[in-house]
Each structure stands twice: as structure tokens, then as C-alpha cells.
Amino acid sequence: MSFTSLPFFIFLLVSFAIYFLIPKKFQWIVTLVASYVFYIASGPLTSLLLIFTTVTTFYTGILMGKANDRYTRTLAEGVDTLTKEQKKQLKAENKKNKYKILAVALVINFGILAFLKYFNFFAISTNSLLSFLSIKAALPELNLLRPLGISFYTFQSAGYVIDVYRGKITPDKNIAKFALFVSYFPQIVQGPIGRYDELAGQLYEPHKFDTTQAKYGLQLMLWGLFKKLVIADRAAIIVNTVFDNYLEYEGLTIFIAVFLYCVQIYCDFSGGIDIARGIAQVMGINLRENFRRPFFATSISDFWRRWHISLSEWMRDYVFYPLSLSRSFVRLGKWSRKIFGNHLGKLVPTFLAMLITFLAVGIWHGANWKYVVYGLYNGTLIFAGILFDPFLSRIFTQDNAKITSFSWRLMKILGTTFLIVIGRYFSRAPDLMTALRMLKRTFRIFNPWVLTGEQFTRLGLNEKNLELLIVAMLVLLVVGILQEKGYKLREKISEQNIVFRWAIYFTAIFSILIFGIYGIEYVSSDFIYMGF
């Protein structure tokens, strides 16, 4: 059930009705049932893997909780007899026991994810290497299931058991409620990746119907549908035309198509997140923000603080920090300072940890060498920004006033956007070699005249649809500028008189219905990140 399909909206209306009409203490049960109905609709077999992840991570938390209880009990019993050294040893043994339990759970669940998502990539790469070495052997390519949202619910569950291990949260004692945390239907398709301490309590507690929250939630859903159906799916027509026939195009035509892919994937992904957050808000639940106007970023690191925030923060907290603070990386830092000096030496472990983290980000997106390059590209640019930004600021500006000026900020935004567009060659092209060929075809000729000709009316959109896309993108830009300046637009709209307010609502609804891009039987295309 796609978020933009009629069956989903019928499912949603029924779920909302039951959720608010039954006694409030049963609301979490209704949400759990609705979540599993939604998930099973994508394929009954894949729901078994969701259940397996839920059960294994739940009991991992229980086992670590019991280990903590034993440790606490032993300390309490020996409060007057245990020496400081013995207490230290008990603490180390408890940590070691919990680590073993955690490791088993992570290996099992990430192993399932890796096998289903990456085995064929590994097989193809291995077979290519064997063929190059003239070795007559081959790994089979398997027809594997791809469970809906497996990357999202695996990462969310993994974050939970790691937080239990660290003592940040206490383990959940109710497996049914925990199953709701793992499977909550608005977010399981494409996020945001939730944190137990932020989300679980909201899911379990009762909620009254709140007119204001419902109004804000529906506004957010409308905005998400507008971005997905009017902008993303319209931009996709040009993007697909150029990428499917890239040998017919060159120069600025390809670059603009890749730029439009940046617009497409942002409106597609953030639109889906807006719909998910809007649904949750109607139910009285606040999902974490996943996008914060990423194309106003002034650096690549700033971009990743604004783009897919829940994944970026997950990688930061569970990959980058543990790596950079580990004993091995501390020793690497000491060694590199001796070789390269204090300034550069202390950056070596940071750079390595960042490369590994963004390699993981790239691989998370898919099983292809292009994603490996995409991840390393972003990691390298972030480190380069950390290393050279102070020098560049001094070169291009002479005082702090100019650094904070609009022109300097605009220049940084445009430069960052250019680097983001280059990175998208790798994430959109079907493979790494095609991305490199398209880059070559882009920069081997400068042809700005395509902007004034009829070139873009031959890329799948007629003149009126092209104009509509530009107008819709301008609306997106204006809304982004206002939000960047601190305007809370949903609150502002709600403060207006009823005529003006409903004029905006009806304009949005009819824009989506009339100008949305639909396929057969009024069904839109799937969300891009559903594939992850």
C-alpha cells in the first residue's frame, strides 16, 4: 500500500476511526495491528523476517537487563566486603557479558540484512575478479526476497540494543509493545529511523483527539503529497529520459537533468517523510525531523546535518563516535602526531573514521560500486572541508563581516549544491562506469544555448508541464526561504481567517489532484527510498 494510493487512504481512515473511538488503553494494540496489516500487505513471507528481528532484539535487551540486574545485586550484597579492585573486575565482567550478547544479536540481524541485500553484489564482484584472474569458478546469483523497509527496521532495532548495552535505556519488558516500536507503519517504509527513548513512550501512551495536532498533521501530509506528486514525479520524467538515453545528450543538458534528480529525490524522500510525520501527528505522536532544508547547506558536512538526519545521526552515534574513540584509533592518533605533527596528525584518525562511516552510508543505499564511490566521495569532501575551510575563508574574505554576509553565504550554498549534484551522478546512474561517462559528457562541452532553445520540451515534458514544474519548484524555494528565516508556516496558516485558510487547503488539494503525475488507474510511482 503506497502512501499515495487509494487503498492506503481507506486503510488510514479506518485506522484513525478505530484508534480514536476505542478505549484509550487499547490504542497501542490498534496501532500494532494496523502496522502488521500494512506490512503483511507488502508480502506475508517478508513479515516473518520482521518478526524474527523483533524477537531477537527484544530478548537481547532482556538478557542484557538480567546481566545488569545480577551485577547490581552482587554489588549490593557485597557492599561492605568487596574491594575496589573486585568491584572494578565485576563491572568489567558485566560489560564483557553484555558485549557478547549484543554482538550475537548484531551479527545475526545485520547478517540477514547483508545476505539479502548484498549477496548478489558480492557474487557478481567476486565472479568478475575470478574471471579476470582466469579462474574457472563462479558464485551463484540468487533470487532473494527484499523485505519492505528492512534497512530501516534493522537499524532502528540495532540502535535499541546498543542503547540498552550502553545503559542509556532500560530494556522493554513487553514484547507486543516492543513489536509496535519496531513496526510502526508510518515510518517502516522509509523512516525516519526512530530512537527508543524518543518514540516508544509516545507509542504506548494513550492519546486524545487533538484538533490542532490533527490539523497540523493533515497540512504536513498535503505538503508531502504536493512535493511527491507535483514536483518529484514530474521532474522524474526529464531525469529518466536523460539517464535512459544519456548518449544522446551532453553538457548542460545532462547537468540540469542531474540537478533535477536532486530536486526529485529530495521531494520524493522528504515528501514521504512529511506524509509519515503527518499521519503520526494526527495520532498524537511526533516523529523526529528527517530533513531541514538541505539545499540551503553551506558545506557538505552541513548538508548531511540537514539530509536524512536520522541516518546521519545513527551513523554518527553508532559508527563514527565508537570508531574515533576506540583504543585502536587513539593509538593511531598518537602515532600519526609523531609522523605528521600535532595539527595534521590528530586529523588522521578522524579522516579514517569519517571515510569508514561514509562508506557505510554509501553501502546502506545499495549493493553497487557506485554507492561505495558515493559514500567515499562525501566522506572525503567533508574532511576536505574541515581541513581547508579556514584557509579558504581567509583567502576570500578579509574580515568577519564579509564572512557573515549574504553574498558569502550564497556563494557557499551554490558551491555546496554543485558538489551535491556531482555526487548524484553516482547515486542515480545505473552503475559506476555510466556515472563516469556521464560526467565526462557533461564537462567536455559548454552549451548554455540549450537553456534558450526547445531542448527541454523534447525531454518528456511539454511546455506547460515544464512551466508548471518551474512554478512548483519556486513554491518549494519560497517555502524553504521562509522556514530558513524561522517562519512556522503551519502555525501562520492556522492563524488566518477561515476563508483564507480553506482557500489554501483547497488550492493544495486540487493542485495535487489536477497537477499530480499519475500512472494507470490514478496510481503514482513508488517512493525511491522504499527500495532501501
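A. Main features of the overall build of the protein. The number of helices and strands found in the protein is 21 helices and 0 strands. Taken over the C-alpha trace, the protein has a radius of gyration of 25 Å; the compact-globule value for 532 residues is 24 Å, and the two agree within 12%. Residues classed as buried in the protein amount to 48% of the 532 residues present. Considering only contacts within the protein whose residues lie at least 6 apart along the sequence, 75% involve residues at least 24 apart. Just so you have it, the protein exposes about 27,000 Å², and 65% of that area is on carbon and sulfur atoms. Side chains of the protein give 57 positive and 33 negative charges; the mean places of these two sets differ by 7 Å.

B. Spotlight on helix α10 (residues 252-282). Taking 1.5 Å of rise per residue, 31 residues should cover 45 Å, and α10 covers 44 Å from first to last C-alpha, within 8% of that figure. By the criterion of burial, α10 is predominantly enclosed, with 28 of the 31 residues buried. G284 sits one or two positions beyond α10 and adopts a positive phi of about 90 degrees.

C. Broad picture of the environment of S324. Checked against the element boundaries, S324 lands in helix α12 (residues 309-324). Among the residues examined, S324 registers a relative accessible area of 19% and is labelled buried. Each C-alpha atom, one on S324 and one on M354, is 8.5 Å from the other, the two residues being 30 residues apart in sequence. Ignoring anything within four residues of it in the chain, the contact list for S324 reads F329 and A353. Among the polar contacts made by the side chain of S324, one reaches the main-chain carbonyl oxygen of Y321 at a distance of 3.3 Å.

D. Seen up close, the packing of aromatic side chains. By the definition in use, this model includes 48 aromatic pairs. Here the aromatic rings of F178 and F181 are separated by 5.9 Å at their centres, their planes lie at 40 degrees, and the arrangement is tilted. Within this pair, F178 and its partner F181 are both found in helix α6 (residues 175-183), separated by 3 residues, close to a single helical turn. Joined through ring pairs, the aromatic side chains of Y266, F269, F291, F295, F303, W304, W307 and F358 make up one cluster. A cation over an aromatic ring shows up here: R428 above the ring of F243, its NZ or CZ 4.6 Å from the ring centre.

E. Broad picture of the nonpolar core. With 128 residues, the main nonpolar core has F38, F181, I231, I279, I285, W304 and Y425 as its most contacted residues. At 19 residues, α10 tops the list of elements feeding residues into this core. If we ignore the near neighbours within four places in the chain, the residues touching W304 are S312, F358, V361, H365, Y374, N378 and I382.

F. How the structure looks around the confidence of the model for the protein. Confidence in the prediction of the protein, expressed as mean pLDDT, is 89, and 95% of residues score 70 or more. When the elements of the protein are averaged for pLDDT, helix α16 (residues 400-403) gives the smallest value, 60, and α6 the largest, 96.

G. Structural view of the side chain of N447. Residue position: N447 is located in the loop between α18 (432-443) and α19 (463-484). At a separation of 3.3 Å, a polar atom in the side chain of N447 contacts the main-chain carbonyl oxygen of E250. When neighbours within four sequence positions are excluded, N447 is seen to be in contact with E250, G251, L252 and T253.

H. Summary view of the packing of α10 against helix α17 (residues 406-428). At their nearest, the axes of α10 and α17 sit 9 Å apart, and the two run at 85 degrees to each other. One element, α10, and the other, α17, form an angle in the roughly perpendicular class. For the pair α10 and α17, contact is made by I254, F255, V258, F259, Y261, C262 and I265 and by T417, F418, I420, V421, I422, R424, Y425, S427 and R428, respectively. Along the lines of polarity and charge, the residues of the contact of α10 with α17 split into 12 nonpolar, 2 polar and 2 charged.

I. Representation of a nonpolar patch on the surface. A contiguous nonpolar surface patch, about 870 Å² in accessible area, is contributed by I498, V499, W502, F506, I509, F510, L513, I514 and F515. By the secondary structure assignment, I509 is in helix α21 (residues 498-515).

J. The arrangement of a positive patch on the surface in detail. Side chains of K91, K95, R327, R331, K334, R337, K338 and K346 sit close together on the surface and give a patch of like positive charge. Elements with a minimum of two residues in the positive patch: α4 (84-132) and α13 (327-345). Top element by residues in the positive patch is α13. It accounts for 5 residues. Among the structural elements, R331 can be located in helix α13. On the basis of relative accessible area, R331 is assigned to the exposed category, the value being 54%.

K. Layout of the environment of I420. Relative to the elements of secondary structure, I420 occurs in helix α17. Each residue touching I420, except ones within four places of it in the same chain, is listed here: C262, F295, I300 and F303.

L. Examining unusual backbone geometry more closely. That bond from G191 to P192 is cis: its omega, 5 degrees, falls within 30 degrees of zero. The phi dihedral of R293 falls on the positive side, at around 50 degrees, and the residue is not glycine. Of note in this structure, H308 is not a glycine but carries a positive phi near 45 degrees. Position of H308 relative to the elements: it lies in the loop between α11 (300-306) and α12. The exposure class of H308 is buried, given its relative accessible area of 0%.

M. Quick peek at helix α8 (residues 196-204). Looking only at α8, the buried set comprises Y196, L199, A200, Q202, L203 and Y204. Each element contacted by the buried residues of α8 is listed here: α2 (27-40), α5 (150-166), α6 and α7 (185-188).

N. A look at the pattern of salt bridges. Taken as a whole and assessed by the stated rule, the structure comprises 15 salt bridges. Across the pair K168 and D197 runs a salt bridge, and its minimum N-O distance is 3.8 Å. On the criterion of sequence distance, the pair formed by K168 in the loop between α5 and α6 and D197 in helix α8 is long-range, its members being 29 residues apart. Between D233 and K228 there is a salt bridge; the shortest N-O distance is 3.1 Å. Residue D233 shares its accessibility class with K228, and that shared class is buried. Bridged by salt links that share partners, the residues R293, D302, R305, R306, R409 and E484 form one connected network.

The rules behind the values
Residues numbered from 1 in each chain as written. Predicted model: local features only at pLDDT ≥ 70, side-chain atom pairs only at ≥ 80, totals over all residues. Heavy atoms only, no water. Helix = DSSP H or I, 4+ residues; strand = E, 2+ residues; numbered from the N terminus. Rg over C-alpha atoms; globule rule 2.2 N^0.38 Å. Buried < 20%, exposed > 50% of the residue type's maximum accessible area, 1.4 Å probe, protein only. Contact = heavy atoms within 4.5 Å. Areas by Shrake-Rupley, 256 points an atom, 1.4 Å probe, with all protein chains shown as cover. Lys, Arg positive; Asp, Glu negative; His and termini not counted. Charge placed at Lys NZ, Arg CZ, Asp CG, Glu CD. Expected span 1.5 Å × (residues − 1). Polar contact = N/O pair within 3.5 Å; in protein donor to acceptor, adjacent residues only side chain to side chain. Phe/Tyr/Trp six-rings, centres within 6.5 Å; stacked < 30°, edge-to-face > 60°. Lys NZ or Arg CZ within 6 Å of the ring centre and 35° of its normal. Core = buried A, V, L, I, M, F, W, Y, C linked by side-chain atoms within 4.5 Å. pLDDT = per-residue confidence, 0-100. Axes fitted to C-alpha atoms, helices over the stretch in contact; angles between N-to-C directions. Parallel < 35°, antiparallel > 145°, perpendicular 65-115°, else oblique. Nonpolar A, V, L, I, M, F, W, Y, C, P; charged D, E, K, R; others polar. Patch = residues over 30% accessible without salt bridge, like charges linked within 9 Å, V, L, I, M, F, W, Y side chains within 5 Å. Salt bridge = Lys/Arg side-chain N within 4 Å of Asp/Glu carboxyl O.

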